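# Inside the fold
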Amino acid sequence: MRGTPTRMLEYDFMQRAFAASGIVAVVAAAVGYFLVLRGQTFAGHALSHVGFAGATGAALFGLSPLGGMLVFTIAAGVSMGLLGERLSGRDVAIGIVLSLALAFGLFFLSFYSTNSAQATSILFGNVLAVSKATLGSLVILAFITLAALAFISRPLAFSSLQPELAEAKGVPIRLVGVLFLALVALAVAQSVQIVGVLLVFALMVGPPATAQLLTNRLIPGILLSAGLAVAEAWAGIALAFHVDWPTSFCITLLSAAAYLGVLLFRRSV
Amino acid sequence: MNALELDRVSLSRGEKTILSDVTLAVGEGEFVGVLGANGAGKTTLMKAVLGLLPLDKGDIRVFGKPVSRGNAAIGYMPQTRSLPPELRLSGRDFLATAIRGDRWGVPLPGKDDRREIDRCLDAVGAQHLASHSLGDMSGGERQRLMIAQALIGSPRLLLLDEPLISLDPHQQGIVVHLVRDLSRSLGLTVLFSAHELNQLLGAVDRVLYLGHGHAALGKVDEVINPDTLSRLYDAPIEVVRAGGHIFVMSGGQIVERDRHEGHTH
């Protein structure tokens, strides 16, 4: 028997995994709610790809991958916000930039002596390897992200739904849009620590989309989204511990199962 | 006091002159239909009244005050429908986002805010839509909620930009009558842009017709006549009346038909 819940929590790395994933899940789901509301989920995807280059590049120079990721994702998020509408309909340009970012990540990785483990943990996350220092960084980043999101949430909700009306009412919609993408960048960098570059949607899009199927209220929707994300992350880690599957796989599986389950249930009633 | 005054206003959008030395006044409580060819500047005029566009010359006053962005006296319903079709948000929460939407902070509606939302829902007869998701509503129901949203904060001037677009004729009639009743019961001044005159006949007090930098404001018969319209269109225009409808013709063709798909101007 590998484990009762108490056995599982006897390990320091498991305690840190639960703490880190819980904190990040709340951030990802709250930011992700607005990402889904604004129809900007592609931005989360794009920023994670750009972050891959930042994380691998930073590690190459002996810097923290989380730090490198933050610099790259925030720079990219702010640029996307400033370019704004000029980016819409530029699928080809965006696609080329994204693949270039991934390619640069691969290029940086080629200089590593032991690149495959490092690459896998950035691409698919490694929540069981979260260090004390990383956990501390995540707590601070999560606090900053949630506080800033709360601060901009009213004009953000307004300008997400009715940009022209918001502009007429005096909302600085461009500033709000740029600030929001900077927060998406922060949330992506945190999510990557848990589920990796390629699976950020599991935390940032799955829970908010599921929550929006379950309630059409704004604040309850955000809270439900956060609750679902935490439940999926924790259940995923516990499942992975017991069946010895990759943790990110289990979290993503539960995120997808929750969304599809609710969708099918709604269709059938 | 007049609700809206344009004093020798010149206004352009890019290279195109929208208004050239236009002076006019709209009285308080008037329901004015804003008409004109696509690109004549109906949206541009509204944006200028909202203080979103600089004027080349002249000035615009709203209830005697110069235009300013965020003027609480103006309610606005933009033409662009940017709402995602599948939006899973209740009518009530949709309205709530407009309450103090320009202030930082968390959008938690208080008691007064909830009362204001109820007042606006009641005003447009949309209380039954409060708990429905926008994604499940018909075009007419969404339009009704957007009009309710424009009423938040008790504005005295309503700018409604193409509220009839993408509605069937029956829904169009309902929206026109709703706005006319609101204008009368709340004493609201309304500028209501549309690309078809006939939907507004019998409901509007006056029409404002824009074209080629000129503007004509008056009763339907004063504006919709060959002389005035030929000047606005800069081309010979015929006006044909049949069965209670008015058709504006140019060279044997009806102008203002099916040329309005999804443009902003």
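Residues numbered from 1 in each chain as written. Chains lettered and ligands numbered in written order. Predicted model: local features only at pLDDT ≥ 70, side-chain atom pairs only at ≥ 80, totals over all residues.

### Quick word on the sheet that holds strand 6 (residues 74-77) of chain B
Sheet strands pair by backbone hydrogen bonding; their relative direction is either parallel or antiparallel. Residue and element names in this part refer to chain B. Strand order in the open sheet made by the six strands is 6-7-8-3-9-10, with mixed pairing throughout. The sheet is open, and its two edges are formed by strand 6 and strand 10 (214-218), each paired on a single side. Taking each pair of neighbouring strands and ignoring which way they run, the sheet shows an average axis angle of 15 degrees. One ladder, built from five bridges, connects strand 9 (residues 206-211) with strand 10; its direction is antiparallel. (Pairing = 2+ DSSP bridges. Helix = DSSP H or I, 4+ residues; strand = E, 2+ residues; numbered from the N terminus. Axes fitted to C-alpha atoms, helices over the stretch in contact; angles between N-to-C directions.)

### Focus on the confidence of the model for chain B
Residue and element names in this part refer to chain B. The share of residues in chain B with pLDDT of 70 or more is 96%, and the mean pLDDT across the chain is 91. Of all the helices and strands in chain B, strand 13 (residues 253-254) carries the lowest mean pLDDT, 82, while strand 7 (residues 157-160) carries the highest, 98. Residue range residues 258-265 is modelled with pLDDT below 50. Its contacts to residues more than four positions away, or to other chains, number twelve contacts. Interface predicted TM-score (ipTM) for the complex: 0.91; the corresponding pTM is 0.92. (pLDDT = per-residue confidence, 0-100. Contact = placed C-beta atoms within 7 Å.)

### Description of the interface of chain B and chain A
With 27 residues of chain B in contact, the opposing surface of chain A contributes 26 residues. Of the residues belonging to the side of chain B that touches chain A, the class tally is 13 nonpolar, eight polar and six charged. (Nonpolar A, V, L, I, M, F, W, Y, C, P; charged D, E, K, R; others polar.)

### Concerning the pairing of strand 12 (residues 245-250) of chain B
All names here are of chain B. Two strands pair when backbone bridges link them, and strand 11 (residues 238-242) and strand 12 are joined in this way by five bridges, in the antiparallel orientation. Bridge assignment links valine 240 to a residue of strand 12, and that residue is phenylalanine 247. Between strand 11 and strand 12, which follow one another and run antiparallel, lie two residues, and glycine 243 among them has a positive phi close to 55 degrees. Bridge count for strand 12 against strand 13 is two bridges, and the pairing is antiparallel. Looking at strand 13, one finds that methionine 249 is bridged to isoleucine 254.

### Notes on the environment of Lys47(B)
Residues and elements named next belong to chain B. As for its placement among the helices and strands, lysine 47 is situated in helix 1 (residues 42-49). For lysine 47, a count of 22 C-beta atoms within 10 Å translates into the label buried. Sequence separation between lysine 47 and threonine 80 is 33 residues; the distance between their C-alpha atoms is 13 Å. Not counting residues up to four positions away in its chain, the partners in contact with lysine 47 are Leu52 and Leu53. (Buried ≥ 20, exposed ≤ 12 C-beta atoms within 10 Å, placed from the backbone.)

### Brief notes about the packing of helix 3 (residues 41-60) of chain A against helix 4 (residues 65-83) of chain A
All names here are of chain A. Packing of helix 3 against helix 4 brings their axes to within 7 Å, and their N-to-C directions diverge by 140 degrees. It follows that helix 3 is oblique to helix 4 by the angle criterion. Our pair here, helix 3 against helix 4, has a crossing hand that is right-handed. Between helix 3 and helix 4, the contacting residues are Ala43, Leu47, Val50, Gly51, Ala53, Gly54, Ala55, Gly57, Ala58 and Ala59 on the first element and Pro65, Gly67, Gly68, Met69, Val71, Phe72, Thr73, Ala76, Gly77 and Met80 on the second. Looking at the contact of helix 3 with helix 4, its residues break down into 13 nonpolar, seven polar and no charged. (Parallel < 35°, antiparallel > 145°, perpendicular 65-115°, else oblique. Left-handed = near helix turned anticlockwise from the far one by under 90°.)

### A word on the domain arrangement of chain B
Residue and element names in this part refer to chain B. By the assigned domains, chain B splits into domain 1 (1-73 + 155-265) and domain 2 (86-154). Across the contact, 14 residues belong to domain 1 and eleven residues belong to domain 2. Only strand 7 and helix 5 (169-186) provide two or more residues apiece to the side of domain 1 that touches domain 2. Each residue belonging to the side of domain 1 that touches domain 2 can be placed in one class, and the counts come to eleven nonpolar, three polar and no charged. (Domains from an automatic or database assignment.)

### Side note on unusual backbone geometry
Residue and element names in this part refer to chain B. Positive phi values are uncommon outside glycine, yet histidine 212 reaches one of about 50 degrees. Even without being a glycine, aspartate 234 presents a positive backbone phi close to 60 degrees. Among the secondary structure elements, aspartate 234 is positioned in the loop between helix 7 (226-233) and strand 11.

### Describing the environment of Leu121(B)
Residues and elements named next belong to chain B. Mapping leucine 121 onto the fold places it in helix 3 (residues 111-123). Owing to 22 C-beta atoms within 10 Å, leucine 121 belongs among the buried residues under this scheme. Excluding anything up to four places from it in sequence, leucine 121 contacts Ala126, Gln127, Ala130 and Ala148.

### Details of the packing of helix 2 (residues 12-37) of chain A against helix 12 (residues 218-243) of chain A
Residues and elements named next belong to chain A. It is the contact of helix 2 with helix 12, at a shortest axis distance of 8 Å, that shows an interaxial angle of 150 degrees. In terms of their interaxial angle, helix 2 and helix 12 are classed as roughly antiparallel. As helix 2 packs across helix 12, the resulting crossing turns out to be right-handed. Facing Met14, Ala17, Phe18, Ser21, Gly22, Ala25, Val26, Ala28, Ala29, Ala30, Gly32 and Tyr33 of helix 2, the residues of helix 12 in contact are Gly221, Ile222, Ser225, Ala226, Leu228, Ala229, Val230, Ala233, Trp234, Ile237 and Phe241. Here the residues of the contact of helix 2 with helix 12 are counted per class, giving 18 nonpolar, five polar and no charged.

### A few points about the sheet that holds strand 5 (residues 65-66) of chain B
Residue and element names in this part refer to chain B. Strand order in the open sheet formed by four strands is 2-1-4-5, and the pairing between neighbours is antiparallel. Across the chains shown, the open sheet's two edge strands, defined by having one partner strand only, are strand 2 (16-27) and strand 5. Summarising the sheet, strand 1 (residues 2-13) and strand 2 pair through eight bridges and their orientation is antiparallel. Looking at strand 2, one finds that leucine 11 is bridged to leucine 19.

### Considerations on helix 4 of chain A
All names here are of chain A. Look at helix 4: 27 Å from first C-alpha to last across 19 residues, which is about the 27 Å you get at 1.5 Å a residue. Taken together, the buried positions of helix 4 are occupied by Pro65, Leu66, Gly68, Met69, Leu70, Phe72, Thr73, Ile74, Ala76, Gly77, Met80 and Gly81. Downstream of helix 4 by one or two residues, glycine 84 has phi in the positive range, about 50 degrees. (Expected span 1.5 Å × (residues − 1).)

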